[in-house]
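Coordinate inspection notes
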Amino acid sequence: MKRLKVKRELVLAALLFGSIMHAAAQETKVRWFGHSAFSITTPNGKVLLIDPWLNNPLNPEAKDGKDPLAAVPKVDYILLTHGHRDHVGDAVEVARKTGAVLICNPELAGNLVKLVDFPAKQAQTDGIMQIGGEIQIADGEVTIAMTAAVHSSSVFNPKAGPNEPERAYGGSPAGFVIIIKNGPTIYHSGDTAYFKDMETIGESYSIDVALINISGMGPKMSAKAAQSIRAKLVIPHHFGTFAGLLQNADGFAAEVKRLKIGLYQMQPGETILFRGKQMIKAK
Ligand SMILES: [Zn+2]
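Figured I'd write up the structure that's included with this text. Everything numeric in this text was worked out from a predicted model, so none of it was measured. (Residues numbered from 1 in each chain as written. Predicted model: local features only at pLDDT ≥ 70, side-chain atom pairs only at ≥ 80, totals over all residues. Heavy atoms only, no water.)

**Here we look at the coordination of the zinc ion**
Note on the zinc ion: its protein donors are His82 (NE2), His84 (ND1), His151 (NE2) and Asp191 (OD). The metal-donor distances range over 2.2 to 2.7 Å. Every donor counted, the four donor atoms about the zinc ion form angles of 77 to 160° at the centre, which fits irregular coordination. Judged by relative accessible area, His82 falls into the buried class, the value being 0%. Assessed through its relative accessible area of 8%, Asp191 is described here as buried. (Donors = N, O, S within 2.8 Å, 3.2 Å for Na, K, Ca; no water. Tetrahedral: all angles 85-135°; square planar, octahedral: opposite > 155°, others 65-115°. Buried < 20%, exposed > 50% of the residue type's maximum accessible area, 1.4 Å probe, protein only.)

Encoded structure:
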């Protein structure tokens, strides 16, 4: 009888320990580096880096001559919404350093390999996709859907001669829906104007967190974008980085509040945590 009781307590302790470990393993981390650059760490520890301009002036890791790449030792996937330099950013260096696989459209991938020496092997995988496509990565833990964006896209060609265009074709600009098992479904808008088919994205996916670029649309339309996406929580990006962009998210915040949508304004360098689909705390 006594032995049985001890056994039972051991089992209970093991169950409790297991559930604590399980809870820790259920956390998804989202980090903002400033501009449109985010990393997502899944519950199983896979790291996705989106539009990795880590050397942007807002990133605290890039200030005072620091090497921002030192802060991202592990990256499994690099997601690019389009070819503009403020989104491709440090993708080539990150890919070389980490071996990360590229996820973007084939024209952008091809020209990044040809014109700026992106590692070819990492740009020739199942991660190459088109708008409307869905792929599974990270051993099935993450599903990526590529969605439309209304913008332009080109790859800067440093090898262009004096009579050649300095911008090469970058395919269609895009956004991403990132569905994480035991984690949130995250929408990254890329760099887009408002378009009414955002409503279809909102109907097709249950978006927990929308990362919305606010400068391309302005406060009113970017808040409308968050509404069309049916975001439960919205986080603004693509502002305050350089002249010509919106310098803060105040107008956006006011509009989002008026529409009664949950808002969280991240600071550059900040990491937020999700347990399941719920944001639990800022870190
Ligand atoms: Zn752009």
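**A word on the pairing of strand β1 (residues 27-32)**
Of all six residues in β1, five are buried; the element is thus mostly enclosed. The pairing of β1 with strand β15 (residues 271-275) spans five bridges and is classified as antiparallel. Note that in β15 the partner of Lys29 across the bridge is Leu273. Counting the residues between successive antiparallel strands, the hairpin from β1 to strand β2 (residues 38-41) contains five residues, one of them, Gly34, with a positive phi of roughly 95°. (Helix = DSSP H or I, 4+ residues; strand = E, 2+ residues; numbered from the N terminus. Pairing = 2+ DSSP bridges.)

**Topic: helix α7 (residues 250-258)**
The set of residues buried in α7 consists of Phe252, Ala253, Glu255 and Val256. Seen end-on, α7 carries its buried residues on one side only, within an arc spanning 165°. Away from its buried face, by an angle of more than 90 degrees, α7 presents the exposed residues Asp250, Lys257 and Arg258. (Arc of directions from axis to C-beta.)

**Some remarks on the sheet that holds strand β10 (residues 174-180)**
Taking strand neighbours across the sheet as the criterion, the seven strands line up as β6-β7-β10-β11-β12-β13-β14 in an open arrangement whose pairing is mixed. Because the sheet does not close on itself, it has two edges, and the strands there are β6 (134-137) and β14 (262-263). Alignment of β6 against strand β7 (residues 142-148), held across four bridges, turns out to be antiparallel. Bridge pairing in β7 links Gln136 to Thr143. Here helix α6 (residues 218-229) sits on the sheet in contact with β11 (185-188), β12 (209-213) and β13 (233-237), set at roughly 150° to β12. (Contact = heavy atoms within 4.5 Å. Axes fitted to C-alpha atoms, helices over the stretch in contact; angles between N-to-C directions.)

**Concerning the nonpolar core**
Among the nonpolar cores identified, the biggest contains 52 residues, and Leu48, Leu79, Ile103, Ile137, Ile144, Ile178 and Tyr187 are the most heavily contacted of them. Contacts of Ile178, omitting those with residues within four sequence positions, involve Ile40, Leu48, Ile50, Leu79, Val142, Thr143, Ile144, Pro184, Thr185 and Ile186. Counting residues in hydrophobic clusters, the runner-up holds 25 residues, among them Val94, Ala95, Ala100 and Cys104. (Core = buried A, V, L, I, M, F, W, Y, C linked by side-chain atoms within 4.5 Å.)

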